[in-house]
Protein chains: 2
Amino acid sequence: MWTLYHQWLSPFCRKVRLFLAEKKVDFELRLEPVWDRRAEFLALNPAGEVPVLENIDGATLADSQAIVEFIEEEVPEPSLIGRDAAERAEVRRLVAWFDRKFNAEVTDNLVGEKVVNRLLRMGTPDSRAIRAGHLNVRHHLEYVGFLMERRTWLAGDRLTLADLTAAAHFSCIDYLGDVPWEAHEEAKTWYARIKSRPSFRPLLSDHIPGMAPASNYADMDF
Amino acid sequence: MWTLYHQWLSPFCRKVRLFLAEKKVDFELRLEPVWDRRAEFLALNPAGEVPVLENIDGATLADSQAIVEFIEEEVPEPSLIGRDAAERAEVRRLVAWFDRKFNAEVTDNLVGEKVVNRLLRMGTPDSRAIRAGHLNVRHHLEYVGFLMERRTWLAGDRLTLADLTAAAHFSCIDYLGDVPWEAHEEAKTWYARIKSRPSFRPLLSDHIPGMAPASNYADMDF
Ligand SMILES: N[C@@H](CCC(=O)N[C@@H](CS)C(=O)NCC(=O)O)C(=O)O
Ligand SMILES: N[C@@H](CCC(=O)N[C@@H](CS)C(=O)NCC(=O)O)C(=O)O
């Protein structure tokens, strides 16, 4: 049995939650107050970050990509990182796109300012960052649209970690009600397909104390 | 034959250069002025970032981690990402440590302010960012020291991508003369070992026009 140390609106944790669920690997969630920098948690991951995946036998994995690559090897089916080296390169390119680029251009600006800022009571959110996040999310919706005009799923003809990673990031922004789906039909169709998967259901019932999700967050018809 | 689109002080490009050299894969360097956002380059990598590795047959790989994982599969020896799933998880954890944490806490602050800022003539560097970079690099030297007290190389008993990635990041800061090696004996011993490898030699003769390296940058006795 695995325990996943996590935070609700961390896209990296959501990526691992979706990946484990698609692999049908059982795990328990454990909310980690990363800002407390607990000594026991730092012993598991000196970076002090979630996600961390811990096995009942004591094995510990840190960093979302290290975790999913490990699980892909231990539980090969269904293959989610790609069937050959070229496919894996495309999946990993897109994972990096969302984990780095989307994260810096959108997630840090919106989740960072609206949620982390509020939880840690760091003062009023920076409205310039929020404006930048709103502007940037459109480019990423367009990129998803561009890919969906050419492919069945983001990285090719099957659902992969690229879709799960992208959906993990979009879902955090969607919790805030900040994804303009109406203006991006292809991206919306793609997200609706992911949203209806059983692996996604637990994320849709996430509810951060004191911060209700946007009204369409859990709707299949959004 | 491969072509690597790169920038001189990009730690992600240096990571790929070291990796290819350790694998004895031949490649040509091609300097890409990323800030020009050339249409031909964006067609290779819509993220507009280096490194990009292009094969003479037209195959294109983008993102440093996607590139090295691909090459590890195509050229398995010497193994640089680890011999089993647990070792690979530790290597990838440390790669993420340097590519994300070191990059955000040190590289962005120092290379970002001192080099990118200057090349793009964006005005005076932010002295607060530079101070933060100087402070943070010490923590990372300590972490290298912590690992070196327990292991032969960063991830275990063999040289891996973890060492190459860490060295790629430190070398960019070292070019600026901003690594306080004297105060960190174990980290210095580790870096001296990497620095003396044939794979490292090309990096030591890098010379950015108008911006000479710090005096000890290429010295084996630093
Ligand atoms: N490279 C890591 C990044 C994880 C990360 O940035 N986690 C954030 C939450 S989204 C965190 O735990 N931050 C706490 C801190 O930095 O103190 C991964 O992919 O797992
Ligand atoms: N995830 C990428 C990051 C690469 C990256 O950040 N490249 C920077 C140089 S260090 C770049 O090309 N920036 C140009 C830009 O963003 O316009 C990787 O690991 O390859």
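Residues numbered from 1 in each chain as written. Chains lettered and ligands numbered in written order. Predicted model: local features only at pLDDT ≥ 70, side-chain atom pairs only at ≥ 80, totals over all residues. Heavy atoms only, no water.

- Under an unreviewed UniProt entry, the name given to chain A is Glutathione S-transferase family protein, and the organism recorded is Defluviicoccus vanus.
- The heading Subunit (unreviewed entry) in the UniProt record of chain A holds the text "Homodimer." (UniProt positions renumbered as here; feature names shortened; annotations may be inferred.)

Regarding the UniProt feature "domain: GST C-terminal" (unreviewed entry) in chain A
Next up, step 1: When the UniProt feature table is mapped onto this chain numbering, "domain: GST C-terminal" (unreviewed entry) sits at residues 84-222 of chain A.
Next up, step 2: Counted over residues 84-222 of chain A, helix gives 63% and strand 0%. Its end C-alpha atoms are 36 Å apart. (Helix = DSSP H or I, 4+ residues; strand = E, 2+ residues; numbered from the N terminus.)

With respect to the side chain of Glu 113 of chain B
Residue and element names in this part refer to chain B.
Next up, step 1: Here Glu 113 lies in helix α4 (residues 85-119).
Next up, step 2: Despite its burial, Glu 113 remains without a salt bridge, the nearest opposite charge being carried by Arg 128 at 10 Å.
Next up, step 3: A distance of 2.8 Å separates a polar side-chain atom of Glu 113 from the backbone nitrogen of Asp 126.
Next up, step 4: If we skip the residues at most four places from it in the chain, Glu 113 touches Asp 108, Arg 118, Pro 125, Asp 126, Ala 129 and Ile 130. (Buried < 20%, exposed > 50% of the residue type's maximum accessible area, 1.4 Å probe, protein only. Lys, Arg positive; Asp, Glu negative; His and termini not counted. Salt bridge = Lys/Arg side-chain N within 4 Å of Asp/Glu carboxyl O. Polar contact = N/O pair within 3.5 Å; in protein donor to acceptor, adjacent residues only side chain to side chain. Contact = heavy atoms within 4.5 Å.)

Remarks on the relation of the copies chain A and chain B
Next up, step 1: It takes a turn of 180° to lay chain A on chain B, together with a shift of 0.0 Å along the axis; the resulting RMSD is 0.0 Å. This pairing of chains is accounted for by a two-fold axis. Measuring from the rotation axis to each C-alpha of chain A, the shortest distance belongs to Arg 100 of chain A, at 4.3 Å.
Next up, step 2: The overlap is high: 100% of the interface residues of chain A also sit at the interface in chain B, so the same surface is used on both sides. (Least-squares fit on C-alpha atoms with pLDDT ≥ 70 in both.)

Remarks on the sheet that holds strand β1 (residues 2-6) of chain A
All names here are of chain A.
Next up, step 1: Spatially, four strands are ordered β2-β1-β3-β4 in an open sheet, and the strand pairing comes out mixed. What marks the edges here is a single partner per strand, and that holds for β2 (27-31) and β4 (60-62). Pairs of neighbouring strands in the sheet enclose a mean axial angle of 20°, with direction left out of account.
Next up, step 2: Lying over the sheet, helix α1 (residues 11-22) contacts β1, β2 and β3 (52-55), oriented at roughly 155° with respect to β1. (Pairing = 2+ DSSP bridges. Axes fitted to C-alpha atoms, helices over the stretch in contact; angles between N-to-C directions.)

Section: the state of the cysteines
All names here are of chain B.
Next up, step 1: Under the definition given, this model contains zero disulfides over all chains.
Next up, step 2: With no disulfide of its own, Cys 13 has Cys 172 as its nearest cysteine by sulfur position, at a separation of 8.9 Å.
Next up, step 3: The exposure class of Cys 13 is buried, given its relative accessible area of 0%. (Disulfide = S-S within 2.5 Å.)

Digging into the site of ligand 1
Next up, step 1: Surveying the vicinity of ligand 1 reveals the residues Ser 10, Phe 12, Val 34, Gly 48, Glu 49, Val 50, Pro 51, Asp 63 and Ser 64 of chain A together with Arg 100 of chain B.
Next up, step 2: Surrounding ligand 1 is a set of residues that belongs to chains A and B.
Next up, step 3: For ligand 1, an oxygen atom lies 2.6 Å from a polar atom in the side chain of Ser 64 of chain A.
Next up, step 4: The separation between a nitrogen atom of ligand 1 and a polar side-chain atom of Arg 100 of chain B is 3.4 Å.
Next up, step 5: Along the lines of polarity and charge, the residues of the shell around ligand 1 split into four nonpolar, three polar and three charged. (Near = heavy atom within 4 Å. Nonpolar A, V, L, I, M, F, W, Y, C, P; charged D, E, K, R; others polar.)

A closer look at α1 of chain A
All names here are of chain A.
Next up, step 1: Compared with the 16 Å implied by 1.5 Å per residue over twelve residues, the 16 Å span of α1 between its first and last C-alpha is a close match.
Next up, step 2: For α1, the buried fraction is high: eleven of the twelve residues fall into the buried class.
Next up, step 3: Among all positions in α1, only Pro 11, Phe 12, Cys 13, Arg 14, Lys 15, Val 16, Arg 17, Leu 18, Phe 19, Leu 20 and Glu 22 are buried.
Next up, step 4: Immediately beyond the C-terminal end of α1, within one or two residues, lies Lys 24, with a positive phi of roughly 55°. (Expected span 1.5 Å × (residues − 1).)

With respect to the site of ligand 2
Next up, step 1: For ligand 2, the full set of nearby residues is Arg 100 of chain A together with Ser 10, Phe 12, Val 34, Gly 48, Glu 49, Val 50, Pro 51, Asp 63 and Ser 64 of chain B.
Next up, step 2: The environment of ligand 2 is shared, with nearby residues belonging to chains A and B.
Next up, step 3: Contact between ligand 2 and Val 50 of chain B: a nitrogen atom at 2.8 Å from a main-chain N or O atom of the residue.
Next up, step 4: Asp 63 of chain B is positioned such that a nitrogen or oxygen atom in its side chain is 2.7 Å from a nitrogen atom of ligand 2.
Next up, step 5: Here the residues of the shell around ligand 2 sort into four nonpolar, three polar and three charged.

Topic: the packing of aromatic side chains
Next up, step 1: By the definition in use, this model includes 30 aromatic pairs over all chains.
Next up, step 2: Where Phe 98 of chain A meets Phe 102 of chain A, the ring centres are 5.8 Å apart and the plane angle is 40°; that geometry is what we call tilted. Of this pair, Phe 98 of chain A and Phe 102 of chain A both sit in helix α4 (residues 85-119), four residues apart, which is roughly one turn of that helix. Note on accessibility: Phe 98 of chain A and Phe 102 of chain A belong to one class, buried.
Next up, step 3: These aromatic residues form a ring-pair network of at least three members: Phe 98, Phe 102, Phe 170, Trp 181, Trp 190, Tyr 191, Phe 200 and Phe 222 of chain A.
Next up, step 4: Its guanidinium or amino end placed over the ring of Phe 146 of chain B, Arg 150 of chain B lies 3.8 Å from that ring's centre, counting from NZ or CZ. (Phe/Tyr/Trp six-rings, centres within 6.5 Å; stacked < 30°, edge-to-face > 60°. Lys NZ or Arg CZ within 6 Å of the ring centre and 35° of its normal.)

Brief notes about the environment of Pro 51 of chain A
All names here are of chain A.
Next up, step 1: Looking at the secondary structure, you find Pro 51 in the loop between α2 (39-44) and β3.
Next up, step 2: Pro 51 sits 36 residues away from Glu 87 along the chain, and the two C-alpha atoms are 25 Å apart.
Next up, step 3: With near-sequence residues (within four places) excluded, Pro 51 lies in contact with Leu 4, Tyr 5, Phe 12, Cys 13, Val 16, Leu 61, Ala 62, Asp 63, Ser 64 and Ile 67.

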